[in-house]
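Descriptive analysis of the structure
Take a look at the letters that make up each chain.
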Amino acid sequence: MAKVNVRFDLYEYEVSKGKTILEASLETHTHPQEYKRVMIPVLYYLKGINDTDESGVCVVEADGKLVNASTTRIREGMNIQTRSEKVMAARREALAKILAKHNKSCIYCDRSSSCELQDLLHEYGFTNEPDLPKEQIEPLDLSSKVLVRDNNKCIRCKRCIAVCGKVQAVSAIAATGNGLDTVIAPSSLRGLAAASCVNCGQCVAVCPVGALTERTQMDEVKAAIADPEKYVVVQVAPAVRAALGEDFEFPIGVDVEGRIAGALKELGFDKVFDTKVGADLTIIEEAHELEERIKNEDVLPMITSCCPGWIKYAEHFYPDMLDHISSCKSPHMMFGAIVKSYYAEKMGLEKNKVVTVSVMPCTAKKFEITREQESGTDVDYVITTNELSRMIKDAEIQFESMSVNETFDEPLGEGTGAAVIFGASGGVMEAALRTAVEDLTGEPLQKLEFSDVRGMNGIKEASYELNGQVLKVAVVSGLANANALLTRIKAGEADYQFIEVMACPGGCVNGGGQPHQSALLHADMDIPAVRAAALYRNDAASAVRKSHENEAVKELYRAYLGEPGSETAHKLLHTTYMAR
């Protein structure tokens, strides 16, 4: 790519031609000398979501004129000042205008200390600003079982609208008006719950402030733990271990599996289990279902059912394809059913005194436990990675001091490497292939890695020849990509036997309940990919890497479930769907 020479403040740089000033500044972030990295603040911009920043803070002085760094292109010899008096004054003025319409109850906000606006206010010297008058305070939108929308904190960045429409093809949120007079609201007057929202939480993930948050169940979980009559069991999803450490100043991509197990025990849970066992169970049932569909020439392609955001999307927008979706419950719902049946019986526990809690990277799991098709009692509460972080901090547990060697409890504590990669896009497919290929060929796999289905690409395709039969598969993340692929399938332009769909781009590692990171960090790093890499390292180091070789799951079938797809398995581990 052609280069041009520009000057940022004191230094000369060679940057790619055709870039905006903001994009050119981001190129300098790879510079080996930290003091030569150019930092231009952003508030509305988010790479891949909002390409421009109209907040007023993304300004610089270029050749003596104030310009928007996200919309102004660089040119040869341009002299750019990023912190001149004019620039700093303009940024402070822009922040003051935003603050004038922002509820500043930061101390009570879930996003305090992880708020992009709050960070800028500290940097630019804002201290004790007056709050909004009471007559201007709007009521919260509490219509959703999963999300809370607080327009009093909205800064009109439109990131939520962009991700919901462009990335997720749902458009549950819309905007009217311009600038700071813009009104951000659900597409339904009855609130977010009535707006075909699929609860994926990507709006929460991209919101720079606390205008969109998960609806917490921390208080209910704390009350259950404190109740001596309750036996409280917690399970942790694979993707949580690749992200929770970020809230405790660990570098992104550090696996904190052992520390999580230790912290949960410190919080007082009676048993601490790993959802990996539920994931292994899902693979056994799902692989059996796929093999049966292929053998009986039943409805194909079969589509995975692990992601409740995807399930609700299909129920809204593709009701005619519901018979393509596997009837398997998601891993944490399977695990909850096993805890309240097999485990409760084994331990002599009264089912009505067992409380099950799931720690998930996903907000849609909160909706999943309320679905009419589920038993309604298998999982009682869902808390996100963010909520677990707050619980640990509230309890003043020194997370960094937890042992890395702490383990999950038996007899349902050991999962496989195949299960841990569920948290990354392609992981469910790869885990299923490790089992299905061996079942279909009758021969052990020589190589366990299916690299064709790995990575952060929105749509991945592969085919495998098994005893003369070709198995065609696809992996999709991001619901707009799912929409594109399903459109091709319905038009007869694509042919597969098995498809994995994850609502969140990159998979569960990028779920709506994961820790928040700044827009500038997202521009510098593919955060979902770095988190996913932690899961693949965990898999590579696992003693057992195939779901069907999990001894705990084998014992479960021997002692309780019988065969995969049995009547008992269907009663406990399978579900149905509904057109909405």
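So, here is what we can say about the structure in this document. Please read these numbers as outputs of a predicted model, since none were measured by experiment.

What counts and what doesn't
- Residues numbered from 1 in each chain as written.
- Predicted model: local features only at pLDDT ≥ 70, side-chain atom pairs only at ≥ 80, totals over all residues.
- Heavy atoms only, no water.
- Helix = DSSP H or I, 4+ residues; strand = E, 2+ residues; numbered from the N terminus.
- Rg over C-alpha atoms; globule rule 2.2 N^0.38 Å.
- Contact = heavy atoms within 4.5 Å.
- Areas by Shrake-Rupley, 256 points an atom, 1.4 Å probe, with all protein chains shown as cover.
- Buried < 20%, exposed > 50% of the residue type's maximum accessible area, 1.4 Å probe, protein only.
- Polar contact = N/O pair within 3.5 Å; in protein donor to acceptor, adjacent residues only side chain to side chain.
- Salt bridge = Lys/Arg side-chain N within 4 Å of Asp/Glu carboxyl O.
- Pairing = 2+ DSSP bridges.
- Core = buried A, V, L, I, M, F, W, Y, C linked by side-chain atoms within 4.5 Å.
- Axes fitted to C-alpha atoms, helices over the stretch in contact; angles between N-to-C directions.
- Right-handed = clockwise from strand over helix to strand, strands pointing away.
- Parallel < 35°, antiparallel > 145°, perpendicular 65-115°, else oblique.
- Left-handed = near helix turned anticlockwise from the far one by under 90°.
- Phe/Tyr/Trp six-rings, centres within 6.5 Å; stacked < 30°, edge-to-face > 60°.
- Lys NZ or Arg CZ within 6 Å of the ring centre and 35° of its normal.

1. Things to note about the overall build of the protein chain
Looking only at helices and strands, one finds 19 helices and 17 strands in the protein chain. Here the C-alpha atoms of the protein chain give a radius of gyration of 25 Å, agreeing with the 25 Å that 2.2 N^0.38 yields for 580 residues. Structurally, the protein chain occupies a C-alpha span of about 75 × 60 × 50 Å along its principal axes. Sequence separation of at least 24 residues holds for 72% of the intrachain contacts in the protein chain that already meet a minimum separation of 6. Put simply, the protein chain shows about 23500 Å² of open surface, and 49% of that area lies on carbon and sulfur atoms.

2. Structural notes on the environment of Ser358
Secondary-structure assignment places Ser358 in strand E13 (residues 354-360). Owing to a relative accessible area of 0%, Ser358 belongs among the buried residues under this scheme. Leave out the neighbours within four places in its chain, and Ser358 touches Gln235, His332, Val379, Tyr381, Val382 and Ile383. Within the local environment of Ser358, its side chain forms a polar contact with the side chain of Gln235, the two groups lying 3.2 Å apart.

3. Thoughts on the side chain of Asn103
Mapping Asn103 onto the fold places it in the loop between helix H2 (85-99) and helix H3 (116-123). Within the structure, the side chain of Asn103 is placed 3.3 Å from the backbone nitrogen of Ser105, a separation counted as a polar contact. With residues up to four places along the chain from it excluded, the contact list for Asn103 reads Asp131, Leu132, Ile137, Asn152 and Lys153.

4. Some details on the pattern of salt bridges
Overall, the coordinates contain 42 salt bridges when judged by the stated rule. With its nearest N and O atoms 3.8 Å apart, the salt bridge here joins Asp274 to Lys276. Residue Asp274 shares its accessibility class with Lys276, and that shared class is buried. Of the charged contacts, one joins Glu555 and Arg558 as a salt bridge, the two residues approaching to 3.2 Å between their closest N and O atoms.

5. A few points about the sheet that holds strand E12 (residues 302-303)
Spatial strand order, E12-E17-E16-E15: 4 strands in an open sheet with mixed pairing. Whereas interior strands pair on both sides, the edge strands pair on one side only; in this sheet they are E12 and strand E15 (459-466).

6. Observations concerning the environment of Asn483
Within the secondary structure, Asn483 sits in helix H15 (residues 479-490). In this structure Asn483 comes out as partly exposed when scored by relative accessible area, which is 27%. If we ignore the near neighbours within four places in the chain, the residues touching Asn483 are Tyr313 and Tyr318.

7. Brief notes about the nonpolar core
Core analysis: the biggest nonpolar cluster contains 87 residues, and Leu43, Leu95, Leu117, Trp310, Val473 and Ile499 have the highest contact counts within it. In terms of residue count, the dominant contributor to this core is helix H14 (residues 427-441) (6 residues). Those residues in contact with Ile499, other than ones at most four positions away along the chain, are Pro301, Met302, Ile303, Thr304, Met429, Ala474, Val476, Leu485 and Ile489. Counting 37 residues, the second largest nonpolar core, distinct from the first, contains Val234, Ala237, Val256 and Ile392.

8. A closer look at the sheet that holds strand E4 (residues 65-68)
The 5 strands lie next to each other as E2-E1-E5-E3-E4, forming an open sheet whose pairing is mixed. Two strands lie at the open edges of the sheet, namely strand E2 (11-16) and E4, each paired on one side alone. In this sheet, adjacent strand axes meet at a mean angle of 40° when their direction is disregarded. Bridging between strand E1 (residues 3-8) and strand E5 (residues 79-81) involves 2 bridges; their strand directions are parallel. The residue of E5 that forms the bridge with Arg7 is Asn79. Sheet contacts for H2: strand E3 (59-62), E4 and E5; angle to E3, the most-contacted strand, approximately 155°.

9. What about unusual backbone geometry?
With an omega of 0°, the peptide bond between Leu300 and Pro301 qualifies as cis. Mapped onto the fold, Pro301 is located in the loop between helix H8 (276-295) and E12. In the segment running from Glu410 into Pro411, the intervening peptide bond is cis, with an omega of 5°. Looking at where Pro411 falls in the secondary structure, it is placed in the loop between helix H12 (385-394) and helix H13 (417-420).

10. Topic: the pairing of strand E10 (residues 231-236)
Among the 6 residues that make up E10, 6 are buried, leaving the element largely enclosed by the rest of the structure. Side chains Tyr231, Val233 and Gln235 project from E10 onto one buried face, and the interleaved Val232, Val234 and Val236 project onto a second face that is buried too. Of the strand pairs in this sheet, E10 and strand E11 (residues 271-274) are connected by 4 bridges, and their pairing is parallel. Each bridged residue has a counterpart across the sheet, and for Val236 the counterpart in E11 is Asp274. As for the winding sense of the linkage, the β-α-β connection from E10 through helix H7 (residues 257-267) to E11 is right-handed.

11. Topic: the packing of helix H6 (residues 218-226) against H12
Relative to each other, H6 and H12 sit at 50°, their axes nearing to 11 Å. Accordingly, the angle class assigned to the pair H6 and H12 is oblique. As H6 packs across H12, the resulting crossing turns out to be right-handed. Of the residues in H12, those touching H6 at Met218, Val221 and Lys222 are Glu387, Arg390, Met391 and Asp394.

12. Quick word on the packing of aromatic side chains
We describe a pair of aromatic rings using the distance from one ring centre to the other and the angle between the two ring planes. One pass over the structure, following the stated rule, counts 10 aromatic pairs. With a centroid separation of 6.2 Å and 85° between ring planes, the pair formed by Phe250 and Phe399 is classed as edge-to-face. Taken together, the residues span a long stretch of sequence, with Phe250 in the loop between E10 and H7 and Phe399 in the loop between H12 and H13 at a distance of 149 residues. You'll find Phe250 and Phe399 in the same group, each marked buried. Centre to centre, the rings of Phe450 and Tyr464 are 5.3 Å apart; their planes meet at 85°, and the pair counts as edge-to-face. Remark: Tyr464 occurs in strand E15 and Phe450 occurs in the loop between H14 and E15; sequence separation between them is 14 residues. Pairwise contacts between aromatic rings join Phe248, Phe250 and Phe399 into one cluster. The residue whose ring lies beneath Lys312 is Phe367, and the NZ or CZ to ring-centre distance is 5.3 Å.

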